[in-house]
Amino acid sequence: MASILDSVDQRTQLVGENRLELLLFRLGSRQLFAINVFKVREVVKLPRLNKMPGAHHNISGVANIRGVSIPVIDLRSAIGMRGQGVEGEANLIITEYNRTIQGFLVGQVANIVNMTWKDILPPPRSAGRANYLTAITRLREGESEQIVEIIDVEKVLAEIITYDIRISESVLDRALLPQMAGRKVLIVDDSSTARNLIRDTLAQLGLEVIECQDGLQALTLLKRWCDEGKKVTDELLLMITDAEMPEMDGYRLTHEVRSDPRMGELFITLNTSLSGNFNEAMVKKVGCDRFISKFQPDLLVGVAQERLRQLLG
C-alpha cells in the first residue's frame, strides 16, 4: 500500500501551481472521502493496535510503525458517522499535521487524483456548521459523477488535542498593545477551526479580524478595496493565509497580490500545517514575508508585533 505514495516528492511541485493531489478512501460505505496527499506520509494495512487507557474516545489505540508509536484515530467515529469502526478492509493513513504525526483508521483506500484548486469547492451551506468537511469536489466515473468529501482534519484534531492560545509573557511586548488596538488583520483559511484559533489569539492583542474562507474570496476583497481607492496597507496590518484552500491556494493568492502594484506591499504570512522545509522554499518563491506553523500562538503574536514595529519605524 505504501507504494501508492512512492512519488510524493515529485508531487510537491504541484503546490504553488494552484494544483493538488487527493488521496481517496472510504469509511465502510460507498461515499468517497479525501485528504491532501501532501500531508500523507504513507498508507499501510492496519497493524495490531495497543489500547491507551484514558485516551480520547476517538483514538482506537497506538500503532508501532518501524519503532515509532503513532496514535490511531478512528476517522469514521471522529466525523460523527454511526456504526462500529470500519467494516471489511482496514487501512492506516499516516499523516503529519502541525508538526505532529498521527494515523487515521479508514476502510478501502481507492486511488490518488490530480486536481486543480478551482475544482475544489466549499461545502454547501445546507451542510451546517457542525460538519467535518473543509471542501468538496466532483469526480467523473464513466457516465456518472460522484461527490468527494474532503475532511477538515484540523477540526478533527482540535476536538482531540486541546490547543492552548495563551501568549507567553516572554513573547508579549506590552508596550505595543496601545498601538495594536483597532488595527485589522485579514485571515484567509478554509478551516473554521483554524480561523477561530487565530482570531482568539490575536484578539488578546486588541486586533480586529476580517475573515475569508479561500484565496479567491480574499483577492476579490483586496481588489475591491483598491478599486474604491483604498490603500490596502492602510486597511490591514497584515494578511495571514493558509496554503491549501478551495478555488485558490495561498501561494497563488500571494502571487496575485505581489503582481498587483496597488497592493504589492501588503505584509503576508503563510500559516500552514504543511511541511516546514518545503514551505520555507515556497515563501521565497512566491514572495511571502514569513512562514509559521499553525496553532503556535507565540509565533502569530511575534509576527504581528514584528510588522507593527516595522510600521512604527
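Residues numbered from 1 in each chain as written. Predicted model: local features only at pLDDT ≥ 70, side-chain atom pairs only at ≥ 80, totals over all residues. Heavy atoms only, no water.

1. Details of empty space enclosed by the protein
So, point 1. On inspection of all chains with the given rule, the structure shows four cavities of 30 Å³ or more.
So, point 2. Reported here for the largest cavity is a volume of approximately 210 Å³.
So, point 3. Going through the elements one at a time, β1 (19-26), β2 (32-36), β10 (133-141), β11 (144-151) and α3 (153-158) are the ones with two or more residues in the lining of the largest cavity.
So, point 4. The residue makeup of the lining of the largest cavity, split by class, is ten nonpolar, three polar and seven charged. (1 Å grid on protein atoms, 1.4 Å probe; cavity = no way out; pocket = protein on both sides within 12 Å on 5 of 7 lines; lining within 4 Å. Points joined across faces, edges and corners; volume = space filled by probe spheres on them. Helix = DSSP H or I, 4+ residues; strand = E, 2+ residues; numbered from the N terminus. Nonpolar A, V, L, I, M, F, W, Y, C, P; charged D, E, K, R; others polar.)

2. Focus: helix α8 (residues 250-259)
So, point 1. Along α8, the positions that sit buried rather than exposed are G250, Y251, L253, T254 and V257. For α8, the angular spread of the buried residues around the axis is 160 degrees, confining them to a single face.
So, point 2. Its side-chain oxygen 3.2 Å from the backbone nitrogen of Y251, D249 forms the N-cap of α8. (Buried < 20%, exposed > 50% of the residue type's maximum accessible area, 1.4 Å probe, protein only. Arc of directions from axis to C-beta. Polar contact = N/O pair within 3.5 Å; in protein donor to acceptor, adjacent residues only side chain to side chain.)

3. Comments concerning the pairing of β2
So, point 1. Of all five residues making up β2, five are buried, and the element is well covered by its neighbours.
So, point 2. The pairing of β1 with β2 spans five bridges and is classified as antiparallel. Across the sheet, residue L23 finds its bridge partner in β2, namely I35.
So, point 3. If you look at the hairpin formed by β1 and β2, you'll find five residues sitting between the two strands, and G28 has a positive phi there, around 80 degrees.
So, point 4. Sheet topology places β2 next to β11; three bridges connect them, and they run parallel. Looking at β11, one finds that F33 is bridged to E149. (Pairing = 2+ DSSP bridges.)

4. Looking at the pattern of salt bridges
So, point 1. Under the counting rule described, the total for this entry stands at 22 salt bridges.
So, point 2. For the salt bridge of R138 with E145, the shortest nitrogen-to-oxygen distance reads 3.8 Å.
So, point 3. According to the relative accessible area criterion, E145 is partly exposed, its value standing at 49%.
So, point 4. The closest approach of N and O atoms between E211 and R199, which form a salt bridge, is 3.0 Å. You can see E211 sitting in strand β13 (residues 208-212) and its partner R199 sitting in helix α5 (residues 192-203), a full twelve residues away along the chain.
So, point 5. Residues joined by salt bridges that share partners form a network here, namely E154, D189, D242 and K294. (Salt bridge = Lys/Arg side-chain N within 4 Å of Asp/Glu carboxyl O.)

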